[in-house]
Amino acid sequence: MDVKIQSAGLNLWYGEFHALKDVNIAISPRAITAIIGPSGCGKSTLLRCFNRLNELIAGVRTSGRILLDGEDIYGGTVAMTRLRKRVGMVFQRPNPFPLSVFENVAYGLRVHGMRQGAGLEEAVEAGLRATALWDALKDRLHGSALELAPEVQQRLCISRLVAVEPEVLLMDEPCSALDPIATEHIEELMRALAEKYTIIIVTHNMQQAARVSTETGFMLLGELIEFGPTPTIFTNPTDRRTEDYVTGRYG
């Protein structure tokens, strides 16, 4: 089986609290993988391990390995800027910068060394086209991103991410602040992006996980209880705890 990113014996502590317990997971390339489970089970913590964002939190320590294309991202030779270019994050609520539409998409490109010019303009356009925003925003590139509707802001944040051509997209509850129609649009976008990118989504919405993902992992109290094809997890899980959660007995 092809694997894009995987963890092996991954543990994480917030101070004395053991938040992730020996997590082993293998994520397939160019597919959508969903991580589900009740609040506080470690879903978002696991997601942030994949580009080492947890290290920005005081008192965090980890053990184990995470391999990206076979390379240990916790190895001493991995540069954080390069890692976070390859593995980008879309957060729970849209977080456009208080800048123009153009400068929002250009931000990451500038961080990675692209200067003003035709190449930058083409990359911004490509980022907006990837999220089907170009036609709507091409005449508003110099307007404030903060004036856009929430769904458009979330798409813009995804444009900002894909403009730098990452390989893995991490999405932490990307639809939780959106209404059902906007959620449907973002899910359609995720399916389209999965043709090019590896996507890992954390969601409390089990229906969403069932709709968009190829594989699903169920987490409980810091452990990955079960991982497999999404239809199997939702209709024929092997662990009683998974069955109890997906059938609504708790959580």
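Reading the values: rules and limits
- Residues numbered from 1 in each chain as written.
- Predicted model: local features only at pLDDT ≥ 70, side-chain atom pairs only at ≥ 80, totals over all residues.
- Heavy atoms only, no water.
- Helix = DSSP H or I, 4+ residues; strand = E, 2+ residues; numbered from the N terminus.
- Rg over C-alpha atoms; globule rule 2.2 N^0.38 Å.
- Buried < 20%, exposed > 50% of the residue type's maximum accessible area, 1.4 Å probe, protein only.
- Contact = heavy atoms within 4.5 Å.
- Pairing = 2+ DSSP bridges.
- Axes fitted to C-alpha atoms, helices over the stretch in contact; angles between N-to-C directions.
- Left-handed = near helix turned anticlockwise from the far one by under 90°.
- Nonpolar A, V, L, I, M, F, W, Y, C, P; charged D, E, K, R; others polar.
- Expected span 1.5 Å × (residues − 1).
- pLDDT = per-residue confidence, 0-100.

On a plain count of helices and strands, the protein chain comes out with ten helices and ten strands. For the protein chain, the C-alpha radius of gyration of 18 Å lies close to 18 Å, the compact-globule estimate for 251 residues. If one aligns the C-alpha atoms of the protein chain with their principal axes, the spans along those axes are about 55 × 45 × 35 Å. Burial analysis of the protein chain (251 residues in total) assigns 52% to the buried set.

Below, the discussion takes up the side chain of T183. Relative to the elements of secondary structure, T183 occurs in helix α7 (residues 180-193). The buried category is assigned to T183, whose relative accessible area is 10%. The contacts of T183, once residues within four sequence positions are left out, are C175, L178 and Q208.

Moving on: the environment of L120. Inspection of the secondary structure puts L120 in helix α4 (residues 118-130). On a C-alpha basis, the gap between L120 and Y250 in space is 49 Å, while along the polypeptide they are 130 residues apart. Non-local contacts of L120, meaning those with residues more than four positions away in its chain, are made with F102, A106, L109, R110, M114 and R115.

Let's shift gears to the pairing of strand β3 (residues 32-36). Of all the five residues making up β3, five are buried; the element is thus mostly covered by neighbouring parts of the structure. Alternating positions in β3 separate into two faces, I32, A34 and I36 on one and T33 and I35 on the other, with burial throughout. As paired elements, β3 and strand β8 (residues 198-202) share four bridges and run parallel to each other. Opposite A34, over in β8, you have I201 as the bridge partner. Relative to strand β9 (residues 215-220), β3 runs parallel, the two sharing four bridges.

For the pair helix α3 (residues 101-111) and helix α6 (residues 150-162), the least separation of the axes is 6 Å and the interaxial angle reads 35 degrees. In this structure, the crossing between α3 and α6 has a hand that is right-handed. Judged by residue contacts, V101, N104 and V105 of α3 engage L156, S159 and R160 from α6. For the contact of α3 with α6, the class distribution of residues is three nonpolar, two polar and one charged.

The next point concerns the sheet that holds strand β6 (residues 87-90). Taken together, the six strands give an open sheet; going across it, the order is β6-β7-β8-β3-β9-β10, and neighbouring strands pair in mixed fashion. Single-partner strands in this sheet number two, and they are β6 and β10 (223-229). Taken over all neighbouring pairs, the strand axes of this sheet differ in orientation by 20 degrees on average, direction set aside. Strand contacts of α6: β6 and β7 (168-172), with the helix running at about 170 degrees to β6, the strand carrying the most contacts.

Okay, α6 next. Over its 13 residues, α6 extends 18 Å from the first C-alpha to the last, a length consistent with the 18 Å expected when each residue adds 1.5 Å. In terms of burial, α6 is a largely internal element, eleven of the 13 residues being buried. Elements that come into contact with the buried residues of α6 comprise β6, α3, α4, β7 and α7.

Attention now goes to the confidence of the model for the protein chain. Overall, the predicted model of the protein chain reaches an average pLDDT of 93, with 99% of residues at or above 70. Element-level pLDDT for the protein chain is lowest in helix α2 (residues 80-86), with a mean of 89, against a maximum mean of 98 in β3.

So, on to α3. Of all the residues in α3, the buried ones are V101, F102, N104, V105, A106, G108 and L109. In the core, the buried residues of α3 are packed alongside α4, α5 (134-137) and α6. Immediately downstream of α3, the backbone of G113 shows phi near 100 degrees, a positive value.

Take the side chain of T242 next. Within the secondary structure, T242 is located in helix α10 (residues 240-246). Here T242 falls in the buried class, since its relative accessible area comes to 0%. Aside from chain neighbours lying at most four places away, what touches T242 is F218, I225, E226, I233 and P237.

Of note, R52 is a non-glycine position whose phi angle comes to about 60 degrees, a positive value. Here R52 shows up in the loop between α1 (43-49) and β4 (60-68). The buried category is assigned to R52, whose relative accessible area is 13%. Of note, E173 is a non-glycine position whose phi angle comes to about 50 degrees, a positive value. Note on placement: E173 falls in the loop between β7 and α7. The buried category is assigned to E173, whose relative accessible area is 8%.

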